[in-house]
Amino acid sequence: MLGIRLFLIGILASAVVGAGVYVMKLRSDNAILKANAVKMEEAISDQQELITQQKQDFKEIMAANQKMNELVGNLKKDLEDLDKRFNKNNRDFGKLALEKTGAIERIINKGSVAAARCIEIASGAELTEEEINATKKSEINRECPSIANPNYVPY
Amino acid sequence: MRWIIITSENAEEVFKRLEEEGIDPVLFGLTDKDFQLIAKNFAQIRNQLKITNDLLDKYKEYYEPEVKDEKDGEE
C-alpha cells in the first residue's frame, strides 16, 4: 500500500516538476518571440524608410533626367543654328568670305570669342548679369544662347 | 586667338601686315569647309562638356549634400 502511495506521489511530483519546466520553457520561448517581433518591426520600419527614400530618389532622378533631356535638346538646337548660319539658303561661306573678306573676318573672330565664353560657361563659370538679363538677339551669345542666356526666348 | 582670312587677292597684304606687326609670316590654314567642320566639332565638344558637367553636379548634389548645406549655412 505504501509502495503504491509513494509511486503516486512520485508521479504527481514528476507531473508538477514537468509542468514547471514546461511553463519555464514557454516563458523563454515567449521572450524570444517577443524579441524577434521587436526586431521584425524595426526591420519593417527600416525597409519602409528605405522604400520612401527610394521613391523620393526616383522622383528626383526622373526630374533630373527630364531637365537633362531639355538641355540636350537645346544644345542640339544651338548646333543646328550654327549649321544654318553657315549654310542658310544655300549660302556658300567660302564665296562669301571671298566677297566680304573683312566683314567675315570680323564675324568669325567675334564668334570665336563668344565660343570661348561658351566653353567657360559649359565648364561651370558663373553667368554675368549682362548674360542673365539678355533677352534681345543683339544682346545674346549667339554661339550658345541655351546655356549663356537663360532669359532669352527665341523669336 | 585670331582668325585671318586669306584669299588669293589679299594674301600679299596679309603677309605684309604680319611682318609689320613683327609676326612671322607663316599661317596655318583651313579651307572654308574645314573651318565649318572645326566650328561644329568645337560646338559638339562644348555641348558634351556641358552635359558631363551638369551630370557631375547632380551626382555631387546627391552624394555630398552636406557640402552644399554647409556652403548655404556660411552664406
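Since we're looking at a predicted model, the values are computed, not measured.

Q: How do you make sense of the overall build of chain B when you look at a structure like this?
A: Of the regular secondary structure elements, chain B holds three helices and zero strands. Listing each helix as α and each strand as β along chain B from the N terminus yields α-α-α. Buried residues in chain B amount to 8% of all 75 residues.

Q: What am I meant to see in the nonpolar core here?
A: One broad trend across soluble globular proteins is that nonpolar side chains are buried collectively. Residues and elements named next belong to chain A. In terms of nonpolar packing, the biggest core is built from seven residues, these being Ala115, Cys118, Ile121, Ala122, Cys144, Ile147 and Ala148. For this core, the elements supplying multiple residues, two or more each, are helix 3 (101–122) and helix 5 (145–148). If one sorts the elements of this core by residue count, helix 3 sits on top with four residues.

Q: Quick question: what am I supposed to make of the packing of helix 1 (residues 2–87) of chain A against helix 2 (residues 32–63) of chain B here?
A: Think of two packed helices as two axes; the pair is described by the angle between the axes and how far apart they sit. Helix 2 of chain B packs onto helix 1 of chain A with a crossing angle of 170° between their chain directions and a minimal axis gap of 10 Å. One way to sum up the angle between helix 1 of chain A and helix 2 of chain B is to call them roughly antiparallel. You can see that helix 1 of chain A and helix 2 of chain B cross each other, and the crossing is right-handed. Each of A:Ala64, A:Met68, A:Leu71, A:Val72, A:Leu75, A:Asp78, A:Leu79, A:Leu82, A:Asp83 and A:Phe86 in helix 1 of chain A lies in contact with helix 2 of chain B, whose residues at this interface are B:Gln36, B:Ala39, B:Lys40, B:Ala43, B:Gln44, B:Asn47, B:Lys50, B:Ile51, B:Asp54 and B:Lys58. Grouping the amino acids of the contact of helix 1 of chain A with helix 2 of chain B by side-chain chemistry returns eleven nonpolar, three polar and six charged.

Q: How do you make sense of the interface of chain A and chain B when you look at a structure like this?
A: Bring the parts together and some accessible area is lost; that lost area is often taken as the interface size. Facing the 28 residues of chain A at the interface are 22 residues of chain B. Within the residue set of the side of chain A that touches chain B, elements represented by two or more residues are helix 1, helix 2 (93–99) and helix 3 of chain A. A per-class count over the side of chain A that touches chain B returns 19 nonpolar, six polar and three charged.

Q: I would appreciate a short explanation of helix 1 (residues 11–20) of chain B in the present structure.
A: Helical geometry: 3.6 residues make up each α-helical turn, so side chains three or four residues apart lie on a common side. Of all ten residues in helix 1 of chain B, zero are buried; the element is thus mostly exposed. Count one or two residues on from helix 1 of chain B and you reach B:Gly22, which has phi positive near 75°.

Q: Please explain the environment of A:Leu79 as it appears in this structure.
A: Considering the arrangement of structural elements, one finds A:Leu79 in helix 1. Residue classification places A:Leu79 among the partly exposed positions, given that 17 C-beta atoms sit within 10 Å. Each C-alpha atom, one on A:Leu79 and one on A:Leu50, is 42 Å from the other, the two residues being 29 residues apart in sequence. Residue contacts for A:Leu79: discarding those within four places in its chain leaves B:Lys40, B:Ala43, B:Gln44 and B:Asn47.

Q: Can you help me understand the confidence of the model for chain A in this one?
A: Low pLDDT means the predicted atomic positions in that stretch should not be read closely. Mean pLDDT over chain A stands at 92; residues scoring 70 or higher make up 100%. Mean pLDDT across the elements of chain A bottoms out in helix 2 of chain A (90) and peaks in helix 4 (residues 129–133) of chain A (94).

Q: Just to check I follow, could you spell out the confidence of the model for chain B for this structure?
A: With 88% of its residues at a pLDDT of 70 or more, chain B shows a mean pLDDT of 87. Reported confidences for the modelled complex are a pTM of 0.72 and an ipTM of 0.76.

Q: Teacher, can you tell me more about the environment of A:Ile108 here?
A: Residue and element names in this part refer to chain A. Secondary-structure assignment places Ile108 in helix 3. According to the C-beta neighbour criterion, Ile108 is partly exposed, with 19 such atoms within 10 Å. Measuring from C-alpha to C-alpha, the distance between Ile108 and Lys67 comes to 32 Å, with 41 residues separating the pair along the chain.

About the criteria used
Per chain, residue numbering runs from 1 following the sequence as it is written. A letter from A marks each chain and a number from 1 marks each ligand, given out in the order of writing. A pLDDT threshold of at least 70 governs which residues receive local features in this predicted model, and a stricter bar of 80 or more applies before side-chain atom pairs are shown or counted, although totals over entire chains, interfaces and linings include all residues. A run of H or I in DSSP counts as a helix once it spans at least four residues, and a run of E counts as a strand once it spans at least two, with each numbered from the N terminus. Note on burial: count the other C-beta atoms lying within 10 Å of the residue's C-beta; 20 or more is buried, 12 or fewer is exposed, in between is partly exposed, and C-beta positions come from the backbone. Nonpolar cores are identified as sets of buried Ala, Val, Leu, Ile, Met, Phe, Trp, Tyr and Cys residues joined via C-beta atoms within 7 Å. Interaxial angle, 0 to 180 degrees, is taken between N-to-C directions of lines fitted to C-alpha atoms, where a helix line uses only the stretch in contact. Each angle receives one of four descriptions, namely roughly parallel if under 35 degrees, roughly antiparallel if over 145, roughly perpendicular if within 65 to 115, and oblique otherwise. Working rule for handedness: look at the near helix, and if it is turned counterclockwise from the far one by less than a right angle, call the crossing left-handed; if clockwise, right-handed. Residues are treated as contacting if the C-beta atoms built from their backbones sit within 7 Å of each other. Gly counts as polar in this scheme, as do all residues outside two lists: the nonpolar Ala, Val, Leu, Ile, Met, Phe, Trp, Tyr, Cys and Pro, and the charged Asp, Glu, Lys and Arg. A residue's pLDDT is the predictor's confidence in that residue, given on a scale from 0 to 100.

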